[in-house]
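Results of the structural survey
Each chain, letter by letter, is given below.
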Amino acid sequence: MSEVKEIFLKDYKEPDFNIESVNLTFELFEDETDVTNIMKIEKLDNVSDLVLDAGELELKEIVLDGEVLGSDRYITSEETLTILNVPQNFILEIRNKIYPQNNTELEGLYKSGAIFCTQNEPEGFRRITPYLDRPDVMSVFTTTVIADKEKYPILLSNGNKIHCHESFDTRHGVTWHDPHPKPSYLFALVAGDLDFITDSFTTASGNEVELNIYVDKGNSQKATHAMASLINAMKWDEEKYGREYDLDIYNIVAVDSFNMGAMENKGLNIFNSAYVLADADTATDANFMGIESVIAHEYFHNWTGNRITCKNWFQLTLKEGLTVFRDQSFSADLNSKEVQRIDDVKALRERQFVEDASPTAHPIQPKSYISMNNFYTATVYEKGAEVIRMIHTMLGDENYRKATDLYFESFDGQAVTTDDFLWAMKQNGEFDLEHFKLWYDQSGTPTLQVTESFENGTYALTLAQKIPNKVGGETQKAMYFPLKIALLDKDGNEILEKMLIISKESETFRFDDLVAKPTLSINRDFSAPIIIDHQGVDYPFLMKHDQNSFTRYEAAQEFAGQSMFKLIDGEDISEFVDAYGYLLDLELDLSYKALLLELPSITTLMQKQEVVDFEPLYEAKEKLSMMIAQRYETKLLELYTQNNEPNNSELDSLSIGRRALKNRVLTLLGALKSEKVLTLAKEQYDNTVTMTDKVVALDVLEMFEESERVEAFEDFYNKYKNNTLVMNKYFALLAASSRDGLLQRVQDLQSDAVYDEKVPNLVRSLIGVFARNYKYFHKKDGSGYDFVANKIIEIDKFNPQMASGLAGAFKIYPKMNEKNKNLMEITLKCVISTQGLSKNTFEIVNKILK
Ligand code: PHE
Ligand code: ZN
């Protein structure tokens, strides 16, 4: 690495200039794009030169207040364009060329198939034209897009359409104006030949908004679920947060090549097509839910992100943590609260807890970065959302609403900080925000150690925070958080439920006048994102009696996990197997029941190992699944038959619940690897009308060597080979396989006609899923590491963001056993010594190796 520049929060400085308005013209051609950028600029500080951010672009002309500047009036460097000696107020016109058709990084203006589209967050705009490409410079954008009429009938940008230019024979143009000042990262442009569906929404104040979703030709019927989700989100934000939409038009465009999920560009969201397109034949129930939540997430950004934006990128969680909390609340309101909470906690633990215990751990408000792209993390997003949730828990619905109203009133139209947000939260509550703020600055997952005693009718609960001395060189302090607990009597009745505030390193809470020692139900609803360390818990009792859906689930999970470690030590676990039978008979919401019956993931178990070794974990899980499947085979088959509705593709909660439970059962039975299960899975594949059922059937079939597997996968491939979204599932199923010889098969799949390394979704499905298939990725001959590392090096050359994402698979390095650790080290050293490695990949690998 030649120049690795680390950017620090403590060095933040306000901008020297303001760009009041910007007028952009794009002339799109097949071999180049001409950009004209006219900015009205005002000097804010006593400086002489204007330093603009500039990426790889070809300057054509610079004009200042009508005067063409000679080369002595400006300086270019690899990353900047400096205009020397500028006046107080001036108009700067820059003309430059870019080459979107060659843009493989998918940042700035690029082509996804035949569609021109943009991705500018966080720092893509500088690759379009020189600019003050930082979120605290907010400007009014007017944009004209000109392109070939036939190839690009649809021309879009932010805001409202103010002009159509039809007069250039084979070409045409459209001018868009966005009246809301915004930072450059929210700028967007799209040109293509697209189908669309349209609808409308009338806001609470009576404004009619036109809603359009643009998709590839022939796909418009697959956008109806996204449209319904958008309308639900608009309604919800009015009701729950009093937030209305503020333009006459809201456009969404789906593209196949996109580095992330979706982007909230003002009035013109651009989406990974995976989060727009769905029908029963091609999308799973989880896909439908994912679309609903991402559509809502991007819509909610209109207020939390766009109207009020971030002062600098260190504040990213200001918009992301808050917006994730908002989309989680929305999904909980629209679907099942209990299932939503468990799914959110599961995702947090699988991704964020792992990150927080790794060398890439960082606070939700990082203190420094090399590449901002590396900070769109589970920590900033999901832990950030948990932090907002704790505030909501401590304030309660009413005060939280007052506080968010105040936030919107106080900061509308501004670029602000997490401190500003906390200031608004503080106006209506009694909790100690100064102390609470540690959540923004300290990384790592707090562990709370629980000890109990009972004497003379008094129950004493001692809660001690295990505080590591130092994390990243910084002394750690005790955290401040809400902890919801309940005490249950010997019959399982609730004696009391209470929200404690935990603020000290250790504290004892006493409860008097009890007839007997109560049973503790702790961290109800997962009120704080922490780890509970509590020995000697009566899990079967809580599995039976705990009325809190989260802690009941937790009891089952903890008990299962503990039993698997007992299995590793060769101990008896019949108590768990008995308790599991009790769960099978419970009359509960079916989706919730499906979650209760799930065994803990390998990722969850791995977090409990001092030194990580995957082999025993896989063995223990297989063994436990087998014990359950054998003992309860009849019961499981009964549940399967009761809930199997091959012709039902409805999305109501009962239908979804039946599919979830039936498929959980099929997966459990899979452990038997019997003829009967093989037939059942094949029948499910052949007879069902839903993708949900097909995917689970294929996943079970993939374990078998028999011809049924081959047939089903061939059928699937032939049926869906022209649908790239379904092909993602195909590659992911194969890369997640547990059958021998996986690496070779994954290598071969790269030359499949459908596979394309330039499409991030496909890479994530094949290589990304392989890297999370621990059994093969961590194989003790080093073959998995070697393969993934070479992919990282190769992909880094054309899409660094995708490469550094894959490099994350190595972050478990310091916790691995000696053998794997040594192999990983050799591999990572090879990656980091690669000539011309991107700063994205460098930053991740360098942190891991340190
Ligand atoms: N801001 C987007 C979101 O959270 C995520 C994103 C970041 C997309 C960077 C692309 C690039 O909705
Ligand atoms: Zn977001």
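Check the entry above for the structure.
A few points on the structure. The model shown is predicted, which means the values in this text are computed figures rather than measured ones.

This paragraph deals with the coordination of the zinc ion (ligand 2). Coordination of the zinc ion (ligand 2) by the protein is provided by H297 (NE2), H301 (NE2), E320 (OE) and E320 (OE), with metal-donor distances spanning 1.9 to 2.8 Å. Taken together, the six donor atoms coordinating the zinc ion (ligand 2) span angles of 47 to 162° at the metal, a pattern that classifies the geometry as irregular.

Taking 1.5 Å of rise per residue, 34 residues should cover 50 Å, yet helix 5 (residues 378–411) covers just 26 Å from first to last C-alpha, more than 12% shy of that figure. The largest bend in helix 5 comes to about 115°, at G396. Trailing helix 5 by a residue or two, G413 shows a phi angle of about 80°, which is positive.

As a further point, take the packing of aromatic side chains. Applying the stated criterion across every chain yields a total of 50 aromatic pairs. Through pairs of rings, three or more aromatic residues link up here, namely W236, Y241, Y245, Y250, Y299, F300, F325, F330 and Y400. In this structure, K111 is placed above the aromatic ring of F116, and the distance from its NZ or CZ to the ring centre is 4.6 Å. Its guanidinium or amino end placed over the ring of Y813, K821 lies 5.9 Å from that ring's centre, counting from NZ or CZ.

The residue N18 is located in strand 2 (residues 17–28) in this model. Residues N18 and V845, spaced 827 residues apart in sequence, show a C-alpha to C-alpha distance of 37 Å.

Counted according to the given criterion, the structure contains 67 salt bridges. Across the salt bridge formed by K383 and D356, the nearest N and O atoms sit 3.0 Å from each other. Taken as a pair, K383 in helix 5 and D356 in helix 4 (residues 337–356) lie far apart in primary sequence, 27 residues in all. The burial state of K383 is the same as that of D356; both residues are buried.

Here we take up the site of ligand 1. Ligand 1 sits among 13 residues. The nearest are E121, E264, E298, E320 and Y381. For ligand 1, a nitrogen atom lies 2.5 Å from a polar atom in the side chain of E121. Broken down by secondary-structure element, the contributors of at least two residues to the shell around ligand 1 are strand 20 (262–263), helix 2 (285–300) and helix 3 (316–334).

Contact geometry for helix 17 (residues 675–687) and helix 19 (residues 707–720): axes closest at 10 Å, N-to-C directions at 15°. Classified by the interaxial angle, the pair formed by helix 17 and helix 19 is roughly parallel. Judged by the sense of rotation from one axis to the other, the crossing of helix 17 with helix 19 is left-handed. Residue-level contacts link L678, K682 and Y685 of helix 17 to E708, E711, A712, D715 and F716 of helix 19. Split into classes, the residues belonging to the contact of helix 17 with helix 19 amount to four nonpolar, no polar and four charged.

Definitions and limits used
Residues numbered from 1 in each chain as written. Chains lettered and ligands numbered in written order. Predicted model: local features only at pLDDT ≥ 70, side-chain atom pairs only at ≥ 80, totals over all residues. Heavy atoms only, no water. Donors = N, O, S within 2.8 Å, 3.2 Å for Na, K, Ca; no water. Tetrahedral: all angles 85-135°; square planar, octahedral: opposite > 155°, others 65-115°. Helix = DSSP H or I, 4+ residues; strand = E, 2+ residues; numbered from the N terminus. Expected span 1.5 Å × (residues − 1). Bend = angle between axes of the 7 residues up to and from the residue. Phe/Tyr/Trp six-rings, centres within 6.5 Å; stacked < 30°, edge-to-face > 60°. Lys NZ or Arg CZ within 6 Å of the ring centre and 35° of its normal. Salt bridge = Lys/Arg side-chain N within 4 Å of Asp/Glu carboxyl O. Buried < 20%, exposed > 50% of the residue type's maximum accessible area, 1.4 Å probe, protein only. Near = heavy atom within 4 Å. Polar contact = N/O pair within 3.5 Å; in protein donor to acceptor, adjacent residues only side chain to side chain. Axes fitted to C-alpha atoms, helices over the stretch in contact; angles between N-to-C directions. Parallel < 35°, antiparallel > 145°, perpendicular 65-115°, else oblique. Left-handed = near helix turned anticlockwise from the far one by under 90°. Contact = heavy atoms within 4.5 Å. Nonpolar A, V, L, I, M, F, W, Y, C, P; charged D, E, K, R; others polar.

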